[in-house]
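Overview (structure and organization)
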Amino acid sequence: SVSQVTDECRQGFTRKTCLFGRAHGSSFAHRGELRRAKRIVVKLGSAVVTRGDECGLALGRLASIVEQVAMLQNQGREMMIVTSGAVAFGKQRLRHEILLSQSVRQALHSGHNQLKDMSMPVLEARACAAAGQSGLMALYEAMFTQYSTCTAQVLVTNLDFHDDQKRQNLNSTLQELLRMNIVPIINTNDAVVPPPEPNSDLLGVNVISIKDNDSLAARLAVEMKADLLIALSDVEGLYNSPPGTDDAKLIDIFYPGDQQSITYGTKSRVGIGGMEAKVKAALWALQGGTSVVIANGTHPKVTGHVITDIVEGKKVGTFFSEIKPAGPTVEHQTEMARNSGRTLASLHPDQRSEIICHLAELLTERKEEILAANKMDIDLAVNAAMLKRLSLSPAKLNNLAIGLRQIAVAAQDSVGRVLRRTRVAHNLELEQIAVPIGVLLVIFEARPDCLPQVSALAIASGNALLLKGGKEAANTNRVLHQLTQEALSMHGVREAVQLVSTREEVEDLCRLDKMIDLIIPRGSSQLVRNIQRAAKGIPVLGHSEGICHVYVDAEASVDKVIKIVRDSKCDYPAACNAMETLLIHRDILRTPLFDQIIDMLRAERVKIHAGPQFASFLTFSPSAVKSMRTEYGDLECCIEVVDSMQEAVDHIHKYGSSHTDVIITENENTAEQFLQQLDSACVFWNASSRFADGYRFGLGAEVGISTARIHARGPVGLEGLLTTKWVLRGAGHTAADFSEQGTMKYLHENLPVEQPLAVQRDSN
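Residues numbered from 1 in each chain as written. Predicted model: local features only at pLDDT ≥ 70, side-chain atom pairs only at ≥ 80, totals over all residues. Heavy atoms only, no water.

1. Re the pairing of strand 19 (residues 636-642)
The buried count for strand 19 comes to six of seven residues, which makes it a mostly enclosed element. Taken together, the five bridges between strand 16 (residues 579-585) and strand 19 define a ladder with parallel strand orientation. Looking across to strand 19, one finds that His 585 is bridged to Val 642. Alignment of strand 17 (residues 607-610) against strand 19, held across four bridges, turns out to be parallel. (Buried < 20%, exposed > 50% of the residue type's maximum accessible area, 1.4 Å probe, protein only. Helix = DSSP H or I, 4+ residues; strand = E, 2+ residues; numbered from the N terminus. Pairing = 2+ DSSP bridges.)

2. Things to note about the packing of helix 12 (residues 349-365) against helix 15 (residues 394-410)
Between helix 12 and helix 15, whose axes approach to 9 Å, the crossing angle comes to 175°. Looking at the two axes, helix 12 sits roughly antiparallel to helix 15. Residues Ser 353, Ile 356, Cys 357, Leu 359, Ala 360, Glu 361, Leu 363 and Thr 364 of helix 12 form the contact with helix 15, whose participating residues are Leu 397, Asn 398, Leu 400, Ala 401, Leu 404, Arg 405, Ile 407 and Ala 408. Of the residues that constitute the contact of helix 12 with helix 15, the class distribution is eleven nonpolar, three polar and two charged. (Axes fitted to C-alpha atoms, helices over the stretch in contact; angles between N-to-C directions. Parallel < 35°, antiparallel > 145°, perpendicular 65-115°, else oblique. Contact = heavy atoms within 4.5 Å. Nonpolar A, V, L, I, M, F, W, Y, C, P; charged D, E, K, R; others polar.)

3. Considering the packing of aromatic side chains
For the structure shown, the criterion picks out five aromatic pairs. Relative to Phe 614, the ring of Phe 594 has its centre 5.9 Å away and its plane inclined at 70°; by these criteria the two rings are edge-to-face. Residue Phe 594 is found in helix 21 (residues 592-603), and its partner Phe 614 is found in helix 22 (residues 612-617); the two are separated by 20 residues along the sequence. On the basis of an interplanar angle of 15° and a centroid distance of 4.3 Å, the ring pair of Phe 738 and Tyr 746 is categorised as stacked. (Phe/Tyr/Trp six-rings, centres within 6.5 Å; stacked < 30°, edge-to-face > 60°.)

4. Thoughts on the sheet that holds strand 15 (residues 548-552)
Reading across the sheet, the seven strands line up as 18-17-19-16-15-20-21 and stay open at both edges, with parallel pairing between neighbours. Edge positions in the sheet fall to strand 18 (623-624) and strand 21 (682-685), since each has one partner strand and no second. Summarising the sheet, strand 20 (residues 660-664) and strand 21 pair through four bridges and their orientation is parallel. For Val 662, the partnering residue across the bridge sits in strand 21 and is Phe 684. Sitting on the sheet, helix 21 is in contact with strand 16, strand 17 and strand 19, with an inclination near 160° to strand 16.

5. Thoughts on the sheet that holds strand 14 (residues 518-522)
Read across the open sheet, the four strands follow the order 13-12-11-14; overall the sheet is parallel. The sheet is open, and its two edges are formed by strand 13 (497-499) and strand 14, each paired on a single side. Recorded for the sheet is a direction-independent mean angle of 20° between the axes of neighbouring strands. Relative to strand 14, strand 11 (residues 439-444) runs parallel, the two sharing five bridges. Across the sheet, the residue bridging to Leu 441 is Ile 519, located in strand 14. Running at roughly 165° to strand 12 (residues 464-468), helix 16 (residues 450-460) makes contact with strand 11, strand 12, strand 13 and strand 14 of the sheet. Lying on the sheet, helix 17 (residues 474-489) is in contact with strand 11 and strand 13; it crosses strand 13 at an angle near 160°.

6. Quick word on a nonpolar patch on the surface
On the surface, Phe 691, Phe 697 and Leu 699 cluster together into a nonpolar patch covering about 260 Å² of accessible area. Relative to the helices and strands, Phe 691 resides in the loop between strand 21 and strand 22 (704-706). (Patch = residues over 30% accessible without salt bridge, like charges linked within 9 Å, V, L, I, M, F, W, Y side chains within 5 Å. Areas by Shrake-Rupley, 256 points an atom, 1.4 Å probe, with all protein chains shown as cover. Salt bridge = Lys/Arg side-chain N within 4 Å of Asp/Glu carboxyl O.)

7. What to know about helix 3 (residues 59-74)
Over its 16 residues, helix 3 extends 22 Å from the first C-alpha to the last, a length consistent with the 22 Å expected when each residue adds 1.5 Å. Among all positions of helix 3, only Arg 61, Leu 62, Ser 64, Ile 65, Val 66, Gln 68, Val 69, Ala 70, Leu 72 and Gln 73 are buried. Immediately beyond the C-terminal end of helix 3, within one or two residues, lies Gly 76, with a positive phi of roughly 105°. (Expected span 1.5 Å × (residues − 1).)

8. As for a positive patch on the surface
Together, Lys 388, Arg 389, Lys 396 and Arg 447 give the surface a local cluster of positive charge. With respect to the helices and strands, Lys 388 occurs in helix 14 (residues 384-390). (Lys, Arg positive; Asp, Glu negative; His and termini not counted. Charge placed at Lys NZ, Arg CZ, Asp CG, Glu CD.)

9. Section: the pattern of salt bridges
Summed over all chains, the structure comprises 30 salt bridges. For Glu 223, the salt bridge is made with Arg 167, and the minimal N-O distance between the two is 3.5 Å. Note that Glu 223 is positioned in helix 8 (residues 213-223) and Arg 167 in helix 7 (residues 164-179), a separation of 56 residues in sequence. Across the salt bridge formed by Glu 604 and Arg 566, the nearest N and O atoms sit 3.2 Å from each other. Pair noted here: Glu 604 is in the loop between helix 21 and strand 17 and Arg 566 is in helix 20 (residues 558-570), with a separation of 38 residues, a long-range link. The class of Arg 566 is partly exposed, set by a relative accessible area of 34%.

10. What to know about the state of the cysteines
One pass over the structure, following the stated rule, counts zero disulfides. Not engaged in a disulfide, the cysteine Cys 548 finds its nearest cysteine sulfur in Cys 576; these two sulfurs lie 6.8 Å apart. The buried category is assigned to Cys 548, whose relative accessible area is 0%. (Disulfide = S-S within 2.5 Å.)

11. With respect to the nonpolar core
Counting 49 residues, the largest nonpolar core has Ile 355, Ile 356, Ile 370, Leu 465 and Leu 467 as its most contacted members. Counting residues per element, this core draws most heavily on helix 16, which supplies eight residues. Discounting residues that sit within four places of it in the chain, Leu 467 has contacts with Val 442, Phe 444, Leu 451, Val 454, Ser 455, Val 497, Gln 498, Leu 499 and Val 500. (Core = buried A, V, L, I, M, F, W, Y, C linked by side-chain atoms within 4.5 Å.)

12. Points about the confidence of the model for the protein chain
In low-pLDDT regions, the fine details of the predicted coordinates are not to be read closely. Looking at the protein chain, the pLDDT average stands at 85 and 86% of residues meet or exceed 70. Note that residues 196-210 has pLDDT below 50 and, in this model, 35 contacts with residues that lie over four places away or in other chains. (pLDDT = per-residue confidence, 0-100.)

13. Here's the deal with the pairing of strand 16
Burial runs high along strand 16: seven of the seven residues are buried. Here strand 15 runs beside strand 16; their pairing, made up of five bridges, is parallel. Looking across to strand 16, one finds that Val 550 is bridged to Leu 582. Handedness of the strand 15-helix 20-strand 16 crossover: right-handed. (Right-handed = clockwise from strand over helix to strand, strands pointing away.)

14. Things to note about helix 5 (residues 125-145)
Spanning 21 residues, helix 5 covers 29 Å between terminal C-alpha atoms, matching the ideal 30 Å at 1.5 Å per step. A maximum bend of about 40° is found in helix 5 at Gly 132. Within the span of helix 5, buried status applies to Cys 128, Ala 129, Ala 131, Gly 132, Gln 133, Gly 135, Leu 136, Met 137, Tyr 140, Met 143 and Phe 144. (Bend = angle between axes of the 7 residues up to and from the residue.)

15. Let's talk about unusual backbone geometry
Note on backbone geometry: most residues besides glycine have negative phi, and most peptide bonds are trans. Phi is positive for Ser 148, close to 55°, though the residue is something other than glycine. Among the secondary structure elements, Ser 148 is positioned in the loop between helix 5 and strand 3 (150-156). You will see that Arg 590, though not glycine, has its phi angle at about 60°, which is positive. Relative to the assigned elements, Arg 590 resides in the loop between strand 16 and helix 21. Residue class for Arg 590 comes out exposed when judged on its relative accessible area of 64%.

Following this line, the structure appears as structure tokens:
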């Protein structure tokens, strides 16, 4: 019965309760607000629905789109689809029928199976639409049925919107379908529509003619008071000039006043609505209170999640907004940082040192201002752990200033330093020179002291810097950044360090692969893992885990063992360089040393987890370890037993994270083997794992600790923020000069790097 069908279709909606909605009559101001969109229109352009040959449907793309729409519908949203594709589907069917009938006629007339060349007549679009509409709808219905989602077909023409009674009837029908949790699938009735008239899609503020599915989707979205219109086509979004041209840039957010800055190219490969039509339709919908995103629905890597990404507020396509943000966009900030960073890199080393020293002075001179902002953040802290990370004090600021002055000294011998000099041939000399990496993005959590440290390292290395701090330290970060820019201003490079304070999600920042050269995450292992996953084409310098081991050898000193194990675990358990696994040589079991280790850990209230081998030696063992790859980050550790130094090395290679590992032994030969064989960023002998730190290494400060195999490893200070370039100075040399018939020979002589930078040339 009809009531049974209605009940089935309502089930998904009645089970869901979602916090959707927006202010009446106004569109969403920011992408992040799109998560609240309840009523959504998805417009599928011809290029999205049809195959590359324009004959038939792109079934794979269509299936992934249907899956996303069904998922959002089942969340309690009201989804509508405006679709193209009837003409293409009908063209495929009619071609098949024509070919079949021609082959039958030829076979009858010729009496044999050899067919002559068959010409394909031009197929009229309205006939194709009539033949394809039912098949297209049947396909949608079959696909949505897989997700227990009901659909309904609605065909409209321009007259349905201009006639008040028809418009009211259409509105009433769609409202009832949405109320019953049915997805309406809407298309223009292309079997009866007249040919489109160019440049007639906008006839005024309150009227938009249904020239194509762009204008249909816009009209429908406003008529139905939709929260969001997603227009999918075969371009990434709106560009400031035709896509493919040299200076074309994808526009992230488009404002109504920006129309003059756009140059339009040709329209899509299929369909009748070009980008200009899409923009006009989008602006019309925006004026009617519906938010709009134009995005690519054909890209194989993103089609499977493009709609859900948009609804989650991710930076996909072009978002149309009526409200311009107060500050610059992150793209603009990055451009400013890069341009100012190039000037910073060209400064004399003394000038970069002066900037850093001035920043160090400001940290102490303006400490009252910094601490007042810090108190605002502390008052909002939700727990003791966050309070400890957030808190600044006069002593901390003094220590920061000392560290910055160390960096200022190191800045004297960084950018422009000649690493290698070679005389390639007579009057042809080559230099390898240290240069900045470019634009750094440093993402850090609730540690405001990170901001001046990282800023100083970037300044010393001549790098532009984008900083994205945790919202927990927003007030402190703002003041510290202002002081940093004040210091930079003394040599005209104020914009080289930027603080991203917009609503940018970390994942969106990680997609700026054409603007950012290196990402450095500073924070929890979860933050680092998320950034490593999200980074698209940008290298990430850091470590996701700090599973550090301390191995107590059979020939270890009792005093050293107790001191080193206590410090490695208990000095700061949350640090990435704290010990997480204690490996003990089997000979130490049931000795006074072993008892002292256990007594010390218990006295420090360290919870012990037993590894499999350790547990097998005990009658009553501590709780069994769940995983040997655990970073506890607290007063907890795992104890495991090994038979030899080699077994300890093998264990660390299997379960460690290549961060920092320690051996405690009095046997120098055993220690040297451990140091040579172990493949970790930091390997120590008779020293606490807590020494794995840029300040303790004498680097002044660090941007983080890297376990990567290329570029910098271990604590990354100034040197890790530099790369190199090759400078060749010649006198008209060509490669042909060195061929068999040439007159010159390669010398490849190593020259001392202490020579002046200007290459000394022979007088002749």
